[in-house]
Amino acid sequence: MAGYDYDLFIIGAGSGAVRAGRIAARYGARVGVCENYRVGGTCVVRGCIPKKLLVYASHFAEDFEDAVSYGWSGLAPTHDWATLIANKNKEIDRLNGIYIRLLNNAGVEIIEGTGKLIDAHTVNVGDKTVTAERILVATGGWPIMPDISGIELAISSNEAFELPERRERVVIVGGGYIALEFSGIFNGLGSHVTQLYRRDHILRGFDDDVRRMMGDEIRKKGIDLRLNTNVTLIEKSDAGLKITLTTGDVIEADAIMYATGRSPNTSGIGLEDVGVELDDDGAIKVDEWSRTNIESIYAVGDVTNRLNLTPVALNEGLCFAETVYGGNPRKMDHADVPWAVFSQPAVSGVGLTEAEARAEFGDIDIYRAKFRALRHTLSGRDEQTMTKLIVDAATDRVLGAHMIGPDAPEIIQGIAVAIKMKATKAQLDSTIGIHPTAAEEFVTMREKIEPEKAAAE
Ligand code: NDP
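The shown structure was predicted, so the numbers you read here are calculated from the model rather than taken from an experiment. (Residues numbered from 1 in each chain as written. Predicted model: local features only at pLDDT ≥ 70, side-chain atom pairs only at ≥ 80, totals over all residues. Heavy atoms only, no water.)

Draft legend 1. Structural context of the packing of aromatic side chains. Tallied over the full model, the rule gives nine aromatic pairs. Following the ring pairs from residue to residue traces out a cluster consisting of Trp81, Phe161, Phe182 and Phe186. The ring of tyrosine 367 has lysine 425 sitting right over it, with the charged end atom 4.1 Å from the ring centre. (Phe/Tyr/Trp six-rings, centres within 6.5 Å; stacked < 30°, edge-to-face > 60°. Lys NZ or Arg CZ within 6 Å of the ring centre and 35° of its normal.)

See below:
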């Protein structure tokens, strides 16, 4: 629109922003974006991608051990943390370059610096002031570090990705996604890991079977999981860090990492000055079209704290751009979004948990299989895989699917298609399995689990 520098100006250049900017530009919009760190955002720079590379690295330890029972010998590998971090950084640089190129090729102008809203159409970035018909806020989130004495000695996942050397004794605080993923990473790479969780079962909000079983599984891997435990004090000591727990115990460590949630990046960017409404958690309030209460300002991704997952941010960005610039109104559907925790073993799911389904539908059927994967019949490793389906008894519709096991994230993606299409249990049963796989359990489970039995286990 004449009179403004841009049709669309985006604050932040993470997944949702880049997707929105590219699509808007493809429809002919003049787009600018500002970023104060690196183009690509959390997922590319200090989230999903580097995390998964570290998960791969750490899993080799078990692979080497298991190989012996398959006839391999002479394996006495050692791990070099610095090589891993350098190679990971090289890949992040490559991806960062790709993202920049994608924006450049789409004609999106990148301005380095922190964007601050001045009014409903004006953004300040360093010594520049730009105007735009519409503004999209996509500033993501940031780790929350609770206010306890000595917290400045702790790190978050941001710093964990950049540690110059592996720490021998690591304490991880939290029982959610990041805590589980990093306890597995450090444990696999040879650190002694103590994980502290303040309640009685990790992964709050997940299916209860998953929560109970994951606690057992990570303990079997050697992680010292302490439930109903938190930190009261962190101090420097001659041997590293001295950490005082709510139980009264004191433990020594070389690093303490907090994975205690992330909060939306909404402070210091002028939102209050312009009157953009935030919710009680400090997230930008948006409607189903990602519109804020200010007509020209939109927001997508973690800053809106809807479902903080990269593919969700990407799709919110896409829906915004298609709607506003493509003349193709699209709303993000937040129902039945599948999820995965890249812990060891991994966890994934889609749809409702057993408790949610019981509350919403009342009469439900539960199907569950727990078994040792074929690979471990020779390795002897005591690792259990679990598949679980939750079915509406009245309609036979599958309401939820949950899995723990090495390929759980890969497997649940396909199940998510079926659930999104409102598949029935009979339709899953009529699907032929692929043998021998863990995935085939999803189409071969026939015995309902009695509720009493489910609760007792
Ligand atoms: P989560 O919300 O998943 O977990 C936070 C954990 O920290 C919970 O166990 C919580 O306990 C605990 N906690 C919160 N406050 C305190 C405190 N003051 N003291 C001790 N413990 C505390 O957050 P994460 O940081 O792990 O991840 C943030 C989000 O990022 C995730 O929710 C997810 O949306 C996204 N993410 C997704 C990934 C993926 O898709 N694989 C990977 C990583 C992140 P309680 O249960 O009691 O609240």
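Draft legend 2. The pattern of salt bridges, seen in detail. Inspection of every chain in the model, using the stated rule, returns 37 salt bridges. Glutamate 162 is the partner of lysine 88 in a salt bridge, and the nearest nitrogen-oxygen pair spans 3.2 Å. Note that lysine 88 is positioned in helix α4 (residues 81–106) and glutamate 162 in the loop between α5 (157–160) and β8 (169–173), a separation of 74 residues in sequence. Judged by relative accessible area, glutamate 162 falls into the partly exposed class, the value being 42%. (Salt bridge = Lys/Arg side-chain N within 4 Å of Asp/Glu carboxyl O. Helix = DSSP H or I, 4+ residues; strand = E, 2+ residues; numbered from the N terminus. Buried < 20%, exposed > 50% of the residue type's maximum accessible area, 1.4 Å probe, protein only.)

Draft legend 3. Seen up close, the sheet that holds strand β13 (residues 250–253). Taking strand neighbours across the sheet as the criterion, the three strands line up as β11-β12-β13 in an open arrangement whose pairing is antiparallel. Edge positions in the sheet fall to β11 (231–237) and β13, since each of these pairs with one other strand and no more. Averaged over all adjacent pairs, the angle separating strand axes in this sheet is 25°, with direction ignored. Across four bridges, strand β12 (residues 240–245) lies against β13 in antiparallel orientation. Each bridged residue has a counterpart across the sheet, and for leucine 241 the counterpart in β13 is alanine 253. (Pairing = 2+ DSSP bridges. Axes fitted to C-alpha atoms, helices over the stretch in contact; angles between N-to-C directions.)

Read these as layout, nothing more, since geometry by itself doesn't imply function.
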